[in-house]
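Below are the chains, spelled out letter by letter.
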Amino acid sequence: MSVLVRTLFFAAYRDRFGVSELSVDLPRGSTVADLVAELRGRGAPFDVLPEEPAVAVNQIYSFLDEPLMKGDEVAFIPPVAGG
Amino acid sequence: MVFAEVRSDPINAAGLLAKVGADEDGVALLFIGVVRDHAEGRRVEGMRYDVYAEMATEVLHKIALEASERLGTDRIAVVHRFGELEIGDVSVGIAVSSPHRAEAYGASRYMIEEIKRRLPVWKKEHYADGVSEWVEGTTPPGTGLDGSTHALPLADEGLA
């Protein structure tokens, strides 16, 4: 069994990765930290992702130990700069 | 009534102000954030705001509701823009009305500070030398990364 999640990249991340969205298949029981490790393990350009990036899961800011479920939307949030 | 939205079309500041106001209110306050022509010594010719639209709409609405609860007025309208902006364009607008000035100033200040702290919006400045760079931002609270979990202590600043 695996878990398919939808990852979103914004601003500097999107520029660096050249994509705004990616579907990632993870083993069941994976957390956000596992997703980060999977992406960083792909090498360039994903290895510029910090080990501990800020994320939002299903549009709510979340910790890295948040468990992921099938269909979750995980957004990687570079430091915000509104106003 | 609390109104919050993110939009790509220009912000109509007067229209925003017209969304607030009530017979019991003695004050209406309009804050606008405007794109300026310089940043840390560099000439800026414009900027692009990127947004996580679905989440930003929710977060902006939540910020407005928090301001409403803290300051006791629900006459609040807040709009943040995204897309390409020129010098002088309005990037954010906040209108508040309340019986007395302290609540309006408090609510307005609370919202702009929280927008800067946690609205999922990013800006890329376009400099006169042709270079464009993302502005260094703030790691939002709630991610376990910045150590802070509490909102701005308004009472301590004499704004509440």
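Check the entry above for the structure.
A brief report on the enclosed structure follows. Owing to the predicted nature of the structure, the values given are computational and were not obtained by experimental measurement.

### Remarks on the overall build of chain B
If you tally the helices and strands in chain B, you get three helices and nine strands. Going from the N terminus to the C terminus, chain B shows its helices and strands as β-α-β-β-β-α-β-β-β-α-β-β. For a compact globule of 160 residues, the expected C-alpha radius of gyration is about 15 Å, and chain B comes in at 16 Å, within 12% of that figure. For chain B, the C-alpha atoms occupy an extent of roughly 50 × 40 × 30 Å along the three principal directions. In chain B, which comprises 160 residues, the proportion classed as buried is 36%.

### Quick word on the interface of chain A and chain B
With 20 residues of chain A in contact, the opposing surface of chain B contributes 29 residues. Residue assignment for the side of chain A that touches chain B shows that the elements contributing at least two residues are helix H1 (11–17), strand E3 (54–57), strand E4 (60–62) and strand E5 (73–77) of chain A. Considering every element that reaches the side of chain A that touches chain B, the biggest residue donor is E3(A), with three residues.

### Considerations on the packing of helix H2 (residues 53–71) of chain B against helix H3 (residues 101–118) of chain B
Residue and element names in this part refer to chain B. The N-to-C vectors of H2 and H3 enclose an angle of 150 degrees; their axes lie 9 Å apart at closest approach. The angle between the axes of H2 and H3 places the two elements in the roughly antiparallel class. When you trace H2 past H3, the crossing you get is right-handed. Residue-level inspection shows Val59, Ile63, Ala64, Ala67, Arg70 and Leu71 of H2 in contact with H3, the latter providing Glu103, Gly106, Ala107, Tyr110, Met111, Glu114, Ile115 and Arg118. Its residues placed into classes, the contact of H2 with H3 shows nine nonpolar, one polar and four charged.

### What about the sheet that holds strand E2 (residues 21–27) of chain A?
All names here are of chain A. Reading across the sheet, the five strands line up as E2-E1-E5-E3-E4 and stay open at both edges, with mixed pairing between neighbours. Two strands close off the open sheet at either side, each with one partner strand: E2 and E4. Direction aside, the axes of adjacent strands within the sheet are offset by 35 degrees on average. Sheet topology places strand E1 (residues 2–9) next to E5; four bridges connect them, and they run parallel. If you follow Phe9 over to E5, its bridge partner there is Phe76. Helix-sheet contacts for helix H2 (residues 32–40) involve E1, E2, E3, E4 and E5, and the interaxial angle to E2 is about 110 degrees.

### Brief notes about the sheet that holds strand E7 (residues 90–98) of chain B
Each strand in a sheet pairs with its neighbour through backbone hydrogen bonds, running either in the same direction (parallel) or in the opposite one (antiparallel). Residues and elements named next belong to chain B. Taking strand neighbours across the sheet as the criterion, the four strands line up as E1-E5-E7-E2 in an open arrangement whose pairing is mixed. A single partner strand is all that each edge strand has here, and the edge strands are strand E1 (2–7) and strand E2 (27–34). Neighbouring strand axes in the sheet, compared pairwise and without regard to direction, differ in orientation by 5 degrees on average. Where strand E5 (residues 75–81) and E7 come together, six bridges link them in antiparallel fashion. Residue pairing for E7: His80 is matched across the bridge by Val92. This element, H3, spans E2, E5 and E7 of the sheet and lies at about 150 degrees to E7.

Here is what the cut-offs are and how they apply
- Residues numbered from 1 in each chain as written.
- Chains lettered and ligands numbered in written order.
- Predicted model: local features only at pLDDT ≥ 70, side-chain atom pairs only at ≥ 80, totals over all residues.
- Helix = DSSP H or I, 4+ residues; strand = E, 2+ residues; numbered from the N terminus.
- Rg over C-alpha atoms; globule rule 2.2 N^0.38 Å.
- Buried ≥ 20, exposed ≤ 12 C-beta atoms within 10 Å, placed from the backbone.
- Contact = placed C-beta atoms within 7 Å.
- Axes fitted to C-alpha atoms, helices over the stretch in contact; angles between N-to-C directions.
- Parallel < 35°, antiparallel > 145°, perpendicular 65-115°, else oblique.
- Left-handed = near helix turned anticlockwise from the far one by under 90°.
- Nonpolar A, V, L, I, M, F, W, Y, C, P; charged D, E, K, R; others polar.
- Pairing = 2+ DSSP bridges.

Honestly, it's all geometry; don't read function into it.
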